Amino acid sequence: MKNVSLCMIALFALVTFLPLDALACACCAEKGDYRISTVKPDANTIELLGQMKFDAATALYMSNGGFDDIRGLNSIKAAYEANQSEDFFSLGNVFAAKTWKFNFKTKDGKAGTLNLPLSAQMVDFKADIHDSEEGEVSLYKEWRFKGTAQSGNGFFTSGITKPTTYFLVLQGRGNRCDNASDFKNWRLEIIGKNADFTFMGKLN
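Description of the structure in this document. Note that this is a predicted model, so its numbers are computed, not measured. (Residues numbered from 1 in each chain as written. Predicted model: local features only at pLDDT ≥ 70, side-chain atom pairs only at ≥ 80, totals over all residues. Heavy atoms only, no water.)

**Let's talk about the pairing of strand β2 (residues 54-60)**
- Pairing geometry for β2 and strand β11 (residues 195-203), over four bridges, is antiparallel. By the bridge assignment, Leu-60 is partnered in β11 with Phe-199.
- Two elements, β2 and strand β3 (residues 89-96), share two bridges in a ladder whose sense is antiparallel. Its bridge partner lying in β3, Ala-57 is registered against Ser-90. (Pairing = 2+ DSSP bridges. Helix = DSSP H or I, 4+ residues; strand = E, 2+ residues; numbered from the N terminus.)

**Re the sheet that holds strand β5 (residues 111-117)**
- Strand order across the open sheet formed by 11 strands is β1-β6-β7-β9-β10-β11-β2-β3-β4-β5-β8, with antiparallel pairing between neighbours. The open sheet is flanked by β1 (34-39) and β8 (151-154), the only strands paired with a single partner. Neighbour-to-neighbour, the strand axes of the sheet open up by a mean angle of 20°, direction not taken into account.
- As paired strands, strand β10 (residues 183-192) and β11 are joined by eight bridges and run antiparallel to one another. In the sheet register, Gly-192 faces β11, and the bridge partner there is Ala-195. (Axes fitted to C-alpha atoms, helices over the stretch in contact; angles between N-to-C directions.)

**Examining the pattern of salt bridges**
- A complete count under the given rule lists 11 salt bridges for this structure.
- One salt bridge connects Asp-178 with Lys-126, and the closest N-O pair in it is separated by 3.1 Å. Of this pair, Asp-178 sits in the loop between β9 (164-174) and β10 while Lys-126 sits in strand β6 (residues 122-127); the two residues are 52 residues apart in sequence, bridging distant segments of the chain.
- Here Asp-178 falls in the buried class, since its relative accessible area comes to 19%. (Salt bridge = Lys/Arg side-chain N within 4 Å of Asp/Glu carboxyl O. Buried < 20%, exposed > 50% of the residue type's maximum accessible area, 1.4 Å probe, protein only.)

**Notes on the packing of aromatic side chains**
- Evaluated as defined, the whole model comprises 23 aromatic pairs.
- Measuring from ring centre to ring centre gives 5.6 Å for Phe-67 and Tyr-80, while their planes differ by 55°; the resulting arrangement is tilted. Of this pair, Phe-67 sits in the loop between β2 and α4 (77-83) while Tyr-80 sits in helix α4, and the two are 13 residues apart along the sequence. Taken individually, Phe-67 and Tyr-80 each receive the classification buried, so the pair is uniform in this respect.
- An aromatic cluster of three or more residues is present, and its members are Phe-54, Phe-67, Tyr-80, Phe-88, Phe-89, Phe-102, Phe-104, Phe-155, Phe-156, Trp-186, Phe-197 and Phe-199.
- The ring of Phe-125 carries Arg-144 above its face, with NZ or CZ at 5.0 Å from the centroid.
- Note that Arg-187 overlies the ring of Tyr-61, its terminal NZ or CZ placed 5.5 Å from the centroid. (Phe/Tyr/Trp six-rings, centres within 6.5 Å; stacked < 30°, edge-to-face > 60°. Lys NZ or Arg CZ within 6 Å of the ring centre and 35° of its normal.)

In structure tokens:
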């Protein structure tokens with residue numbers, strides 16, 4: 001016990017007398033930083049996910065092929081092509097019990113919900129993309145989640161058949177340490193036998 005007490009005193013003294021900037025620099029990014037790892041989402045990650053707020057404005061990703069390249073959204077195709085407005089979709093998003101619930105509504109009143117359980121693993125990516133001004137380096141960040149869609153209803157019903165997968169990417173900027181406010185954009189890709197579509201938007 002005496003040795004343990006001495007170690008604790010020494011550790012306290014070390015932390016107390018270290019300069020504050022030395023402690024803070026555990027989060028500092030350096031030029032050329034590049035980090036990518038596959039990890040299990042821990043308690044801190046899950047807490048941060050719960051703090052992230054998705055903007056109501058959301059958009060359907062459209063390639064050069066237009067709606068002809070999209071599968072699983074046939075019931076809203078005519079209305080979407082008739083409107084072609086940036087506010088055709090609105091989103092309400094909740095992350096609870098380790099599951100994302102994406103509640104979509106269309107401008108003409110149709111609704112659809114996607115239930116996406118948190119994947120067992122995630123990819124944590126951070127890199128200096130060499131666009132920071134002189135001084136503090138701001139890393140480009142991605143949290144990538146790939147898993148199986150639990151269910152889809154409303155205008156998603158016909159597209160979400162087992163097995164259908166999702167690929168959710170949260171994008172942002174910051175230092176080596178993560179905060180919910182670092183992440184500013186998201187992209188959600190749904191792929192399955194009857195589904196192939198992607199939504200994207202901003203995080204508050």
